[in-house]
Amino acid sequence: MSAGVTILCANLKGNLGDYAILEIMGRSFAQQFPGVEIGYFHHANKPVDRERYAQFLKELEVVMTDLGPAPFYRRPTWFRLLAKLPGTRRLARSIHNALIGRVADKICREQVFAERLKSSRVVAFAGGSQWGKANLNLNMFAQLNCASRLSERVITFPFGISKVALECNGASRLGEMLSQMGKPILVRDVISHRLLSQAGVRTSHVSDCVFTARGLFSGLRNSGHQPTKTVYVSVTRSGKTSAQGIVELFDRLRRTGLDPVMFSSCE
């Protein structure tokens, strides 16, 4: 078997969207590199959702290896205190970016992790909206820094990035670090595209990779199952959703003869 493919920053904390992204990445690589072993490291700062992860593995149709948690380092206590002081944003940003390089040095000395990256023909960062701030930002960019040193090809699947990352790293440094990825850099929403354009990063605005899974469900329409009157209502933090608004929506749906069910994609 030839050199494997390694996925970094898989998120197993319990978000169904992140599980879907991981599965689609595995399917994509299995199709692109037949017979190649595919493995993934996941975040160490969040506990794995054992119930959902077990179901994910049970339903997974592509062979993938759980490589365990990636190395994880926290910012020093003194720095966390400094960052809370008023008027220290520019200094804190500079120190945070310097810490990324130091953590990358440490990660590259983690033998199991480093050897895996060296032997991989492709290292890919999981899609999703994960490039945030604080320890998550520190470790993801440190992994990117390390991967760019050890691996011949580093890419990312379509991802989202928020303004907090821009504030955490600064536009210039954010652009420099993301440039360590192979081109094109794919983003899944117009907000990320605009933010990274401000940072001088050329990106391609595409759809989220989960939309390539449409073929997995194409047979359901002709499966013979009778449609029900169940309507799933998915709640997010966007759109100024209120409890009263949800109650009123459920009442309206029931009055039309439908059966509304509350749905959440995350624990």
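Scroll up a little and you will see the structure.
Residues numbered from 1 in each chain as written. Predicted model: local features only at pLDDT ≥ 70, side-chain atom pairs only at ≥ 80, totals over all residues. Heavy atoms only, no water.

Enquirer: Would you take a moment to explain the side chain of Q130 for this structure?
Expert: Looking at the element boundaries, Q130 is found in strand β5 (residues 128–131). The exposure class assigned to Q130 is buried, which follows from its relative accessible area of 7%. Within the local environment of Q130, its side chain forms a polar contact with the backbone oxygen of G127, the two atoms lying 3.5 Å apart. Apart from residues no more than four positions distant in its own chain, Q130 is found in contact with C9, N11, H43, L136, M140 and G160. (Helix = DSSP H or I, 4+ residues; strand = E, 2+ residues; numbered from the N terminus. Buried < 20%, exposed > 50% of the residue type's maximum accessible area, 1.4 Å probe, protein only. Polar contact = N/O pair within 3.5 Å; in protein donor to acceptor, adjacent residues only side chain to side chain. Contact = heavy atoms within 4.5 Å.)

Enquirer: Could you clarify how one ought to interpret the environment of T88 in this entry?
Expert: Take T88: it is sitting in the loop between α3 (77–83) and α4 (89–108). Excluding residues within four positions of it along the chain, T88 makes contact with L82 and A83.

Enquirer: Please clarify how the packing of aromatic side chains should be interpreted in this entry.
Expert: Two aromatic rings are characterised by how far apart their centres lie and by the angle between their planes. Following the criterion strictly, the structure yields eleven aromatic pairs and no others. Judged by centre distance (5.1 Å) and plane angle (25°), the rings of Y19 and F56 are stacked. One end of the pair, Y19, is in helix α1 (residues 16–32); the other, F56, is in helix α2 (residues 50–59), with 37 residues separating them in the sequence. The same class applies to Y19 and to F56, which are both buried. Taken together, F125, W131, F141 and F159 form an aromatic cluster joined through their ring pairs. (Phe/Tyr/Trp six-rings, centres within 6.5 Å; stacked < 30°, edge-to-face > 60°.)

Enquirer: Quick question: what am I supposed to make of the pattern of salt bridges here?
Expert: Between side chains of opposite charge, pairing is possible as soon as their charged atoms come close. All told, the structure shown has seven salt bridges when counted by the stated rule. Between R27 and E23 there is a salt bridge, with the nearest N and O atoms lying 3.3 Å from each other. One end of the pair, R27, and the other, E23, are both in helix α1, four residues apart, so they sit about a helical turn from each other. Residue class for E23 comes out buried when judged on its relative accessible area of 18%. Note that R173 and E176 form a salt bridge whose closest N and O atoms lie 2.9 Å from each other. Here R173 and its partner E176 are both found in helix α8 (residues 171–178), three residues apart, which amounts to about one turn of the helix. (Salt bridge = Lys/Arg side-chain N within 4 Å of Asp/Glu carboxyl O.)

Remember, this is a structural readout, not a statement about activity or role.
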